[in-house]
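As a plain string of letters, each chain reads:
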Amino acid sequence: MHLIIAEKNIAAQRIAGILAENKKPSVKREEGVNTYSFDDKVAIGLRGHVVEIDFEPGYSNWRSETHTPKSLIDAGTIKKPTEKRIVQLIKRLAKKADHVIIATDFDREGELIGKEAYEIVRAANKTVPIKRARFSAITKQEITSAFANPAELDFNLAEAGEARQVVDLIWGASLTRFISLAAKRGGNNILSVGRVQSPTLAMIVDREKEIEAFVPEPYWMISLDSETEEEKFEARHTEGKFWDKESAERSLKGTKEPLTVIDIKEGTRADHAPTPFDTTAYIVAASRLGLSASNAMRIAEELYMNGYISYPRTDNTIYPSSLDLKGILTELKKSPFKREVEWVSANMRPSPTRGKKSSTDHPPIHPTAAASKGDMDETAWKVYELVVRRFLATLSPDARWKTLKYTFDAGGEPYASTGQRLDYEGYRIVYTYSQAKEQALPVLAAGEKLPILDIRLEEKETLPPPRYSQSKLIQVMEELGLGTKSTRHDVIGKLFSRRYVEGNPLKPTLVGRAVTESLEDHAGLITKPDMTRTLEEHMEEIKKSILSKDSVVQESREMLHEIFESLEANQEDIGSEIMDKTAEERVVGKCPVCGKSLMIRTTKGMAQFIGCTGYPDCSFNIGLPSGQWGKAIRDNKICEIHGMNHIRLVRKGSPPWDLGCPLCNHISSNLETLNMIPSISKDLISNLHSHNIYTVYEIANENPEKLSKVTGISKEDSEKLIREADEVLELLRKRSELKKFVRKIIPPKRGRSHAKVLNMFFDAGIVDMESLARADKKTLEKMKLSAEEAESLSHEARLVYNKALLKEYGVPAVSLKKYFDAGFVTPEDFCYIHPAYLSAKTGLNIDTVYKHAAIVCEATGVRLPEKVSKKELESGRIELLSIEGLGEAMLEKLYMAGIVSRKKLCSADPEQISKLTGIPSEKITYFQEECK
DNA sequence: GCAAGGTC
């Protein structure tokens, strides 16, 4: 069997389709992995890298004393499978193979991915010949020729890729761990460092600093209006920018009518048709349609998967000769762009446009099938249309402009007007994305004298360089060799998710700045694109066998060791510098009580709140939702009422939760509970708010004199308010106890969240453990609870409630446990069950039991049970057990009816004792025989 | 928990 291994599933499918010629390959799906079989051949796709490089075991603890960040520099690395099912399937197929062809992409990573596949095959089959097919496009011509003349795998090139992997891992991981630990950041808050991301971030930070340091310079410009009989036009002073006002004013004064035409220059300007799309050019064009880099890539990927466009990750800007351009045109005639296609076919340029970069990986992005609007959503359609129009434009003739320039004299001052007119539309007919700006001018003759209608002196200022847009940044990254066609947009995404940058265009955050500055001071190499450039050079030399992989990695390790010397010597300073510089990121505004700063703070648990930096002198604080809902971060929006920054909660995998102004939120979420205070009024609430009292808790903890003084209400009213607040607080405490309990007992289900169940409880008047313990099952069953759930909830609630109650009455916890274990769980049990029985069942001393019964009965207002002393009980017991046929078990039962002595037994009514104890009355009568 | 590189 002949095994073909491609870089991805679609490539395997398409290659099989071409090689199978007229037959259709049969598709088999095993554990989510497709294979395509035809003749005696099987094609399978990888998923890019199917193994991953990592440190050998033992290095996973960041805080290990022995395996420090620095120790990662010389740590051994291993390759571990990330796509186990694919690896397994390849091993299985390799055993049966008598020939293997690796058909991964024709670039460096493709060669490394090929080597990974090679190693997987070799592990399962020591002898099978393994060859390499190289092709730049999955076209019939290229595929047939590549498979007819298979070559060898380039192990040197693959090793160059491996060197990159090791260098990236040890630099990235060691520096990330070091700087995160120094700045005391963990979890989803780490500070990452990498060969590509750090220089990219540094560019954004540098640009921001340039903008901050920029001092605008004023300049002046002079323009005037004139007219012929037909039309008005504008002319500008040829000086352009006047850098000093006086000379501008002199020229303005010197400008005198008439405006005389001195010179006329006519010309043409070629407007070149655009070059084929590589990934970067595509992202730039898509950004003009309003798409972010990652959206642009996502949609292109989607269109590629559906067969509408070619592979979107390419560095190539030159169509390979194997690409059937005419065939694509024919196909596109079936699309809504039929008219454009026909125009291009009729006016085609001799050869398509070419960009500056050619590569072997993939052809430039081009359409591969006709589509119509209904096949996809609106944005995807816009992207498809862009790719089609770009393709058509690369086959279209250049456009041509006619230009016209007049030079004038006005009292010795030189002026000029320029105009342009589209002379030949060319590619602009099909590529409609850049508006051709025509500038019309009247027809003038040399020496013609014209009036000056108006003249203006405008003061302007020079502008700072702009912030990077995503697409501009990707262009610059490409120029500097940072990242690849497939990863550049991801790197930008990473900077966002680490909260190093924000906004569009990109602006660095304080964290992004602080990290960049620390790295520039102590690990400068990682912040510069030079590191990538050197690495590329070394990789080239590994490929040519001039250098070995090991020597390149070793040299890199030594450089990193040097860097770590400086880092470790300054560890504390680096950490505190980052922490100081980023503290402001948590400041949300001024404390309304004392005027100091308010900061987002986190407790050791998951709790988050906004607290005053004046603490403990000022205790003003605002609670925030627990960290499980997301980490609270400062938003740039400012509340118009309170002047505080808005708060956002961010959590991996969920959209951010905008809390808005924390104080507005605090106020509205506490309004409901404030209104639970009976004597509160709307006016009083706004009165309290204006004195920064927002919660029931704050009222309950106020001092009456102070409250009265601050709010102007009487001292009596203040006292009442505080008392009522206390009661509401108690009510809320009970409610929260009920909430916790229900959460513990009842599992949430679809359509039955805890919040929903609790709301139903509250509506039914079940607001605390007591009312739940007293609620009847019928009521509970109405609340989306099953009969069993209602039963268990009610039972558990009674237990919890009674235990709390009995504890409150004064029954000690240790004894309480014994009562509960023996099944005595209500206050009634203490008063209506004879103490002797309780004592016998719990093993507690009768005197102790009596004491407990007494306190419970007194608290519940029930008469005390009969008192029996320990002595009486002991002697009674001996008496009773001496009766024939009366054993321990019978004795316990008799205790239930209060029969604790022979005397009691003899004077009792057998029927009644039988009812209380379950002992047959004949037996009682029999025992009573003894009394005679 | 870390990088960058593939791919989904």
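All of these numbers come straight from a predicted model, not from anything done at the bench.

As for the overall build of chain A
Counting its regular elements, chain A contains 36 helices and 24 strands. Since a compact globule built from 932 residues should have a radius of gyration of about 30 Å, the 43 Å found for chain A marks it as more spread out than a globular shape. Taking the principal axes of the C-alpha coordinates as reference, chain A spans close to 150 × 90 × 60 Å. For chain A, long-range pairs separated by at least 24 residues make up 66% of all intrachain contacts whose partners lie at least 6 apart in sequence.

Considering the sheet that holds strand β19 (residues 597–602)
Sheets are built from strands that pair by backbone hydrogen bonding, the pairs being arranged parallel or antiparallel. Overall, antiparallel pairing links the four strands, which are arranged β18-β19-β20-β21 in an open sheet. For this open sheet the edge positions go to β18 (587–590) and β21 (621–624), each flanked by a neighbour on one side alone. This sheet shows a mean twist of 25° between the axes of neighbouring strands, independent of strand direction. Relative to β19, β18 is paired through three bridges, and the arrangement is antiparallel. Bridge pairing in β19 links V587 to M599. Against the sheet, helix α19 (residues 662–674) makes contact with β18, β20 (608–612) and β21, and its axis sits at roughly 80° relative to β21, the strand it touches most.

So, the domain arrangement of chain A
Domain assignment breaks chain A into domain 1 (2–47 + 83–153), domain 2 (164–213 + 467–579), domain 3 (218–272 + 400–461) and domain 4 (279–397). If you average the C-alpha positions of domain 1 and of domain 4, the two centres end up 28 Å apart. Contacts between domain 1 and domain 4 engage nine residues on the former and nine residues on the latter. Its residues assigned to classes, the side of domain 1 that touches domain 4 shows three nonpolar, three polar and three charged.

Here we look at the UniProt feature "active site" (unreviewed entry) in chain A
In this numbering, the UniProt entry assigns the feature "active site" (unreviewed entry) to Y311. By the element assignment, Y311 lies in the loop between α9 (293–305) and α10 (325–332). Y311 gets classed as buried once you count the C-beta atoms within 10 Å, which come to 23. Among residues more than four places away in sequence, those in contact with Y311 are Y304 and H362.

Let's talk about the protein's contact with DNA strand B
Of all residues adjacent to DNA strand B, which total 39 residues, the nearest are G48, G172, G186, S192 and G194. When residues of the surface near DNA strand B are traced back to their parent elements, those giving at least two are α1 (9–19), β5 (51–55) and α5 (155–182). Here the residues of the surface near DNA strand B are counted per class, giving eight nonpolar, 17 polar and 14 charged.

Structural notes on the pairing of strand β10 (residues 232–237)
Pairing analysis gives five bridges linking strand β9 (residues 218–227) to β10, with the strands arranged antiparallel. Of the residues in β10, the one forming a bridge with S223 is R236. In this antiparallel pair of consecutive strands, β9 and β10, the connection spans four residues. Bridging between β10 and strand β13 (residues 413–424) involves two bridges; their strand directions are antiparallel. If you follow H237 over to β13, its bridge partner there is Y415.

Side note on the environment of M644
Summarising the element assignment, M644 is placed in the loop between β22 (631–638) and β23 (645–651). Looking at M644, the number of C-beta atoms within 10 Å reads 23, which means it is buried. Taking the C-alpha atoms as reference, M644 lies 7.5 Å from P662; in sequence the two are 18 residues apart.

Section: the nonpolar core
If you look at the biggest cluster of nonpolar residues, it comprises 127 residues, and the most contacted ones within it are I4, I5, I15 and I90. Among the elements that make up this core, the one with the highest residue count is α5 (12 residues). Not counting chain neighbours up to four residues away, the residues in contact with I5 comprise I44, L46, I90, V100, I102, A103 and A117. Ranked by size, the runner-up nonpolar core spans 25 residues in total, among them V811, A840, I846 and I899.

Overview of the sheet that holds strand β2 (residues 26–30)
Overall, mixed pairing links the six strands, which are arranged β2-β3-β4-β1-β7-β8 in an open sheet. Every interior strand has two partners, whereas the edge strands, β2 and β8 (130–132), have only one. Along the sheet, successive strands turn relative to each other by an average axial angle of 25°, direction set aside. Across four bridges, strand β3 (residues 33–38) lies against strand β4 (residues 41–45) in antiparallel orientation. Within the sheet, the bridge partner assigned to F38 lies in β4 and is K41. Against the sheet, helix α2 (residues 84–96) contacts β1 (2–6), β2, β3, β4 and β7 (99–103), and its axis sits at roughly 165° relative to β4. Together, β1, β7 and β8 form the strand contacts of helix α3 (residues 108–124), whose direction differs from that of β7 by roughly 160°.

Some details on the UniProt feature "site: Interaction with DNA" (unreviewed entry) in chain A
Those places that UniProt annotates as "site: Interaction with DNA" (unreviewed entry) correspond, in this numbering, to H49, R164, D168, R313 and R498. Sequence-wise these annotated residues cover 450 residues; spatially they are dispersed, their C-alpha atoms as much as 24.9 Å apart. Mapped onto the elements, R164 comes out in helix α5. The exposure class assigned to R164 is buried, which follows from the 24 C-beta atoms found within 10 Å.

Focus on the confidence of the model for chain A
Caution applies to low-pLDDT parts of the model: their predicted coordinates are not meant to be read in detail. Mean pLDDT over chain A works out to 90, with 99% of the residues at or above the 70 mark. Of all secondary-structure elements in chain A, the lowest mean pLDDT belongs to helix α26 (residues 777–781), at 75, while helix α6 (residues 197–213) reaches the highest, 98.

Some remarks on the packing of α2 against α3
At their nearest, the axes of α2 and α3 sit 8 Å apart, and the two run at 55° to each other. Relative to α3, α2 is oriented oblique. Where α2 crosses over α3, the two elements pack in a sense that is right-handed. Judged by residue contacts, V87, I90, K91, A94 and K95 of α2 engage A117, I120, V121, A123 and A124 from α3. Split into classes, the residues belonging to the contact of α2 with α3 amount to eight nonpolar, no polar and two charged.

Thoughts on the environment of L175
In this fold, L175 is placed in helix α5. Here L175 falls in the buried class, since 26 other C-beta atoms lie within 10 Å of it. Residues in contact with L175, not counting those within four places in the same chain, are V193, A523 and I526.

Basis of the calculations
Residues numbered from 1 in each chain as written. Chains lettered and ligands numbered in written order. Predicted model: local features only at pLDDT ≥ 70, side-chain atom pairs only at ≥ 80, totals over all residues. Helix = DSSP H or I, 4+ residues; strand = E, 2+ residues; numbered from the N terminus. Rg over C-alpha atoms; globule rule 2.2 N^0.38 Å. Contact = placed C-beta atoms within 7 Å. Pairing = 2+ DSSP bridges. Axes fitted to C-alpha atoms, helices over the stretch in contact; angles between N-to-C directions. Domains from an automatic or database assignment. Nonpolar A, V, L, I, M, F, W, Y, C, P; charged D, E, K, R; others polar. UniProt positions renumbered as here; feature names shortened; annotations may be inferred. Buried ≥ 20, exposed ≤ 12 C-beta atoms within 10 Å, placed from the backbone. Near = placed C-beta within 6 Å. Core = buried A, V, L, I, M, F, W, Y, C linked by C-beta atoms within 7 Å. pLDDT = per-residue confidence, 0-100. Parallel < 35°, antiparallel > 145°, perpendicular 65-115°, else oblique. Left-handed = near helix turned anticlockwise from the far one by under 90°.

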